[in-house]
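This is what each chain is made of:
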Amino acid sequence: MKHKKLLYTFCWLLISSLYILLSYWLQTRGFYNLESYFIEYKKLILWSYDESLLRTFYFTKPFLLYLGSFFLGFPTLMNSTYIFSALLMGGLTNHLLFKAFSNPSIPMFLVIYLLCSPVVIYAGISGGSLALYLVFYYLFFSFIMKYTESFSVFHLTLISILIGIFIFLDIEFLKLLLLLIPIFFFSSFYKAKGINGTFYNRASLILSNDSQRRKFFSSFFSSIFVAAFIPLMAFLTFLIINKVFAGNWYYFLESYGNEWNTYATTFPFIYDIEYYSKFISANTSYFLLPFLLLSLLALFQVFSYGGVKTKSILLILAILFLLSEVQEHKLEKLTVQHLSMLTGAGIVAAFFSFAKPTDKSKFRRILLAIAMIVGLFLEWIYFSNSIQKSESLFFSSFTETQNSTRLASKANFKESFRGLTAGRILIDDAIFYPELLELPRKFTWEGHFSSTYQHALQQPELYADYVVMTKSTHPLYLDDIVATAYKRLEMNQVPKNLTLLYEDSLFEIYQIMRNPIAQK
């Protein structure tokens, strides 16, 4: 037993190390993830301002990625989130591999899928929150599958704890409670003792008997209560903290600067609006294309029962739930981060059904092998055609070294300030947080967490020595608060008193020339 645990730990660290090495290799070829830079920046300002501790530590979204990577990382080599993601996916992959090798009825094609799936690889090397999403979906659907077999309060409690923890990753995970309601409803018919037969026989007997009907509804509503209790209490605590410390129930949900793309509404996308606008409409084939590319494993499990019909019902509900979410939020949810629900559900369903000793159909195994090969191919097609910057960059970094304008600007920013005298910088840190990570220590900045930020926007010469703003030709120019503030001062005919020090395709650096009144 001891040797088995040592082997398990060694394989976990080995797989995680491979993810880290692959991540480092891709970064040398131009891959980067703005979400990782955002988390690192929030750590940087944790102690920079007196007002930033509560908001930065507890309410940076996603909080679990922030907390999990807090004590990891080698600043000169790579961000800590890359190591955290590698450890998470190394643990999940290692667990599934041991599960597959310990059960001979699980086909080796699933092992190949785990090792070669672009979604799994991207989760392990991207340094973003996708690894947490995949772990959540795997555990979530695993607990539901086990509950439909055991009907135990233990698995209900695990589901409740899981959602209660992961709402700090994404508050919208509370919506998954709606997905559980039909599962609990149909499962309650099978929990009735002393009643056998098909579902229709059970339903007719239970609903026609007063005593059984009362037991049925009691079981149904108690299941919902147990599953929803911890998540709802966690969310209520979150709201109370907001009210006490911020005076607003939804302050930390609505405030700016808590997400890496708060202002950059178009920056995550790499194509022109004319290109990705067709992804917005649910009436086009492009809207369903990401689903078709990432859902083959899940769809295969829907139409291949493997003796577990509940699995197929759950997968259909998951697909419909995800479709409704994407249709409501359009481009925001057409990402691998949210579509990974299909990957997580498909992996769980495949392992759950093939683990049954009664299922030994060779024909079904052949179909699974075909689905695996085609599925891997379709997933690579998804990444090669993704409109998300980091996802497309992940694919292209494998083929050739990328010359990223953002990384070049980041290097230019650092080099530009290296030769300047110390001072304060007025900057919109919701946009330029990657650049601020490597700013020389002799500089400080006026950003969203500074108590004098609003004053600096009104009278820059009193609060800053340098100004950084987005170039007027860049799509983010209208999202830049500093650029907007100077535009307002210009409209009010207030002199700028700026001297241009550096500019590239993304930003401009100015030095504030002080007038005699300002100096007094």
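Each chain has its residues counted from 1, running along the sequence as written. Side-chain atom pairs in this predicted model are given and counted only at pLDDT of 80 or more, local residue features only at pLDDT of at least 70, and totals for whole chains, interfaces and linings cover all residues. Excluding hydrogens and water, the side-chain values take into account all heavy atoms of the structure.

Visitor: Can you walk me through the side chain of Glu379 in this structure?
Guide: Labels follow the DSSP assignment, with helices taken as runs of H or I lasting at least four residues and strands as runs of E lasting at least two, numbered in each case from the N terminus. With respect to the element layout, Glu379 can be found in helix α19 (residues 362-385). A 1.4 Å probe rolled over the protein chains alone gives each residue an accessible area, and that area as a share of the maximum for its type sets the label: buried under 20%, exposed over 50%, partly exposed in between. Under the relative-accessibility criterion, Glu379 is labelled buried at 2%. For this analysis, a polar contact is any N or O atom pair within 3.5 Å, provided that within protein one partner can donate a hydrogen and the other can accept it, and provided that sequence-adjacent residues contribute only side-chain to side-chain pairs. There is a polar contact of 2.8 Å between the side chain of Glu379 and the side chain of Ser117. Contact between two residues is taken to exist if any of their heavy atoms lie within 4.5 Å; hydrogens are not considered. Discounting chain neighbours no more than four positions away, the residues touching Glu379 are Tyr113, Ser117, Pro118, Val119, Leu293 and Leu294.

Visitor: Looking at this structure, how should I read the nonpolar core?
Guide: Side chains of a nonpolar character, in soluble globular proteins, are inclined to be buried together. Core analysis: the biggest nonpolar cluster contains 132 residues, and Phe140 and Phe141 have the highest contact counts within it. Among the elements that take part in this core, helix α8 (residues 130-150) stands out by supplying 15 residues, more than any other. When residues no more than four places from it in sequence are discounted, the contact partners of Phe141 are Leu179, Leu314, Ala318, Met341, Ala345 and Val348. Grouping buried Ala, Val, Leu, Ile, Met, Phe, Trp, Tyr and Cys residues that are joined through side-chain atoms within 4.5 Å yields what is termed a nonpolar core. Among the nonpolar cores identified, the runner-up in size contains 15 residues, and Val467, Met469, Val482 and Ala483 belong to it.

Visitor: Could you clarify how one ought to interpret empty space enclosed by the protein in this entry?
Guide: Empty pockets left among the atoms are what a rolling probe the size of a water molecule brings to light. A pocket, in this scheme, is an open set of points on a 1 Å grid over the protein atoms alone with protein on both sides within 12 Å along at least 5 of 7 lines, while a cavity is a set where a 1.4 Å probe fits but cannot get out; residues line either one if an atom lies within 4 Å of a point. Grid points are joined across faces, edges and corners, and a volume is the space filled by probe spheres set on the points. Within this structure, the stated rule accounts for 6 cavities of 30 Å³ or more. If you trace the largest cavity, you find 13 residues lining it, with Tyr137, Phe321, Glu325, Lys333 and His338 closest to the centre. The element that contributes the greatest number of residues to the lining of the largest cavity is helix α17 (residues 309-329), accounting for 4 residues. Its residues assigned to classes, the lining of the largest cavity shows 8 nonpolar, 1 polar and 4 charged. Ten residues, namely Ala, Val, Leu, Ile, Met, Phe, Trp, Tyr, Cys and Pro, are considered nonpolar, four, namely Asp, Glu, Lys and Arg, are considered charged, and the remaining ones, Gly among them, are considered polar.

Visitor: Looking at this model, I keep getting lost on the side chain of Asp429. Mind explaining?
Guide: As for its placement among the helices and strands, Asp429 is situated in the loop between β1 (424-426) and α22 (433-436). In this tally Asp and Glu are treated as negative and Lys and Arg as positive; neither His nor the chain ends contributes. Each reported salt bridge corresponds to a side-chain nitrogen of Lys or Arg within 4 Å of a carboxyl oxygen of Asp or Glu. Although Asp429 is buried, it forms no salt bridge, and the closest oppositely charged side chain is Lys42 at an N-O distance of 8.0 Å. Polar contacts involving the side chain of Asp429 include one to the side chain of Tyr41, which spans 2.7 Å. What Asp429 contacts, discounting residues up to four positions off in sequence, is Tyr41, Leu436, Trp445, Gly447, His448 and Phe449.

Visitor: So what exactly am I meant to see when it comes to the sheet that holds strand β4 (residues 498-503) here?
Guide: Hydrogen bonds along the backbone pair up the strands of a sheet, which may run parallel or antiparallel. Note on pairing: DSSP must find at least two bridges between two strands before they are called paired. Across the sheet, which stays open at both edges, the 5 strands sit in the order β2-β1-β3-β5-β4 with mixed pairing between neighbours. A strand with exactly one partner marks an edge of an open sheet, and here the two such strands are β2 (444-446) and β4. Between one strand axis and the next, the sheet turns through 30° on average, direction left out of account. The pairing of β1 with strand β3 (residues 466-470) spans 2 bridges and is classified as parallel. Along β3, the bridge assignment pairs Leu426 with Val467. The strands that helix α21 (residues 405-418) touches are β1, β3, β4 and β5 (507-512); relative to β5, the one it contacts most, it runs at about 15°. All axes are obtained by fitting lines to C-alpha atoms, using only the stretch in contact for helices, and the reported angles, taken between N-to-C directions, cover 0 to 180 degrees.

Visitor: Whenever I open this one, the packing of aromatic side chains confuses me. Can you help?
Guide: When we look at a pair of aromatic rings, we describe it by the centre distance and by the angle of the planes. Here the aromatic set is Phe, Tyr and Trp, taking the six-membered ring for Trp, and pairing holds for ring centres within 6.5 Å; pairs whose planes are under 30 degrees apart are stacked, those over 60 apart are edge-to-face, and all others are tilted. For the structure shown, the criterion picks out 41 aromatic pairs. A ring pair is formed by Phe63 and Phe168, whose centres lie 6.0 Å apart and whose planes are at 65°; its orientation type is edge-to-face. Remark: Phe168 occurs in the loop between α9 (153-166) and α10 (176-191) and Phe63 occurs in helix α4 (residues 63-68); sequence separation between them is 105 residues. Through a chain of ring-to-ring contacts, the aromatic side chains of Trp25, Tyr122, Trp380, Tyr382, Phe383, Phe394, Phe395 and Phe398 assemble into a single cluster.

Visitor: Help me out: how do you make sense of the pattern of salt bridges in this one?
Guide: A side chain with one charge may pair with a side chain of the opposite charge, provided their charged atoms come close. Inspection of the entire model under this criterion finds 9 salt bridges. Between Lys410 and Glu438 there is a salt bridge, with its nearest N and O atoms 2.6 Å apart. On the criterion of sequence distance, the pair formed by Lys410 in helix α21 and Glu438 in the loop between α22 and β2 is long-range, its members being 28 residues apart. With relative accessibility at 10%, the residue Lys410 sits in the buried group. The salt bridge partner of Lys471 is Glu503, with a shortest N-O separation of 2.4 Å. Note that Lys471 is positioned in the loop between β3 and α25 (481-491) and Glu503 in strand β4, a separation of 32 residues in sequence. Owing to a relative accessible area of 17%, Lys471 belongs among the buried residues under this scheme. Look at Glu503 and you get partly exposed, because its relative accessible area is 39%. Taken together, the shared-partner salt bridges connect Lys410, Lys414 and Glu438 into one network.

Visitor: I keep staring at helix α20 (residues 389-399) and nothing clicks. Help me out?
Guide: Helical geometry: 3.6 residues make up each α-helical turn, so side chains three or four residues apart lie on a common side. Taken together, the buried positions of α20 are occupied by Ser390, Glu391, Ser392, Leu393, Phe394, Ser396 and Ser397. If you follow the buried residues of α20, they end up packed against α1 (2-28), α7 (118-125), α18 (336-354) and α19.

Visitor: Looking at this structure, I do not really get the packing of helix α5 (residues 80-102) against α8. What am I missing?
Guide: A packed helix pair is summarised by two numbers, namely the angle formed by the two axes and the spacing between the axes. Their axes nearest at 9 Å, the elements α5 and α8 cross at an angle of 30°. The chirality of how α5 crosses α8 is left-handed. Along the contact surface, α5 presents Phe84, Ser85, Leu88, Met89, Leu92, His95, Leu96 and Lys99, while α8 presents Ala131, Leu132, Leu134, Val135 and Tyr138. A class-by-class count of the residues in the contact of α5 with α8 yields 10 nonpolar, 2 polar and 1 charged. Left-handed describes a crossing whose near helix is turned anticlockwise from the far helix through less than a right angle; right-handed describes the clockwise counterpart.

Nothing here speaks to function; it is all geometry.
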